[in-house]
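# Structural overview
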Amino acid sequence: MLRESLNDLTAFLAVARLGSFTKAAAQLGVSQPALSQTVRALEARLGIRLLARTTRSVSATEAGERLLKAVGPRFDEIEAGLVALAEMRGRPAGTLRITADEHAAKTVLWPALRRLLPVYPDIKVETSIDSGLTDIVAEGFDAGIRLGGMVARDMTAVRIGPDMRMAAVGAPAYFATRPPPRRPEDLTEHACINLRLPTLGALYAWEFENEGRALHVRVEGQLVFNSVTLILEAALDGFGIAYLPQDQVQGHVATGRLVPVLAPWCEPFSGYHLYHASRPLLTPALAVLVEALRYGD
């Protein structure tokens, strides 16, 4: 009876988290009809519907959400514990799936991996570049990297980088024909190079702060990219003002290829953090990555 209950709960958790019988069946290595039958048997035994099914989607009912929150973390702890025990036989091993934005992956994650991977050849890392607020549990990631202010409160977060600044910059050729902006509001009179956030689909609103006054400015221009690398190239070629991490543009500012503007409005903010689901045990592979990235200790 206990074994059947555990199998049924495993099936329910997979469907509820992935929102799909097809994806859950593939993850568990069973057929979709068999998985559906298992979940229905669990619902019949409990006497309550756990999943709301339509032709296009599957979602947890109120009862299903309560069950997911109650047993999901415990199953994660069991899985992490078993993996940790298995990996005690040798060196940390296995595949880590990490989600990070382009800048974090280049400036923080990759330098750490460059040091870590030669020491631990049995660790594999898959990195997904995404600027959105990824649900790492639902999407099957081991960890994510985001700015400190963007990490959900129910996640465990580890600081992995210093405070950061943004910089508004343009090429000398761009400012040769127009005066530089003195306040964020002046950007509405300028050609600006926009960033489209891949997951959310919206354009990033430029965030400024000066002496406690915060402003979010939605800018316009001819160009929109979902890559900060291309935004930098467009700014260097004189197509408008870009708003990018300061460390990405400071070399070009030093050589005079880019001119900074609105510097008093670009105050520091919390830097990158690695976050993962709260659990008492980390897999050895994730544990060594956390230690390789940890900042300030």
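Residues numbered from 1 in each chain as written. Predicted model: local features only at pLDDT ≥ 70, side-chain atom pairs only at ≥ 80, totals over all residues. Heavy atoms only, no water.

## Let's talk about the overall build of the protein chain
To be explicit about the condition: Secondary structure is summarised from DSSP: a helix means a run of H or I of at least four residues, a strand means a run of E of at least two, and numbering begins at the N terminus for each. Residue exposure (1.4 Å probe, protein chains only): buried if accessible area is under 20% of the type maximum, exposed if over 50%, otherwise partly exposed. Throughout, a residue-residue contact means that at least one pair of heavy atoms, one from each residue, lies within 4.5 Å. Throughout, the Shrake-Rupley method with a 1.4 Å probe supplies accessible areas, and for residues the shown protein chains are the sole cover considered. When charges are tallied, Lys and Arg are placed among the positive residues and Asp and Glu among the negative ones, while His and the ends of the chain are skipped. Here the site of a charge means atom NZ of a Lys, CZ of an Arg, CG of an Asp or CD of a Glu.
Of the regular secondary structure elements, the protein chain holds ten helices and 14 strands. Counting only C-alpha atoms, the protein chain reaches 75 × 45 × 35 Å along its principal axes. Going through the 297 residues of the protein chain one by one, you find that 42% of them count as buried. Within the protein chain, residue pairs in contact and separated by at least 24 positions form 73% of the contacts whose partners lie at least 6 positions apart. A total of about 16,500 Å² of accessible surface is found on the protein chain, and carbon and sulfur atoms cover 54% of it. Treating the 31 positive side-chain charges of the protein chain as one cloud and the 32 negative ones as another, the clouds have centres 4 Å apart.

## Re the sheet that holds strand β7 (residues 166–170)
The condition that has to hold: Strand pairing is assigned whenever DSSP detects at least two bridges linking the two strands. Orientation is described by lines fitted to C-alpha atoms, with helices fitted over the stretch in contact, and by angles between N-to-C directions that extend from 0 to 180 degrees.
The strand order across the open sheet formed by three strands is β12-β7-β13, and the pairing between neighbours is antiparallel. In this open sheet, the two edge strands, each paired with only one partner strand, are β12 (242–245) and β13 (259–261). Along the sheet, successive strands turn relative to each other by an average axial angle of 50°, direction set aside. Pairing geometry for β7 and β12, over four bridges, is antiparallel. Counterpart to Val169 in the pairing with β12 is Ala242. Strand contacts of helix α9 (residues 246–254): β7, β12 and β13, with the helix running at about 110° to β12, the strand carrying the most contacts.

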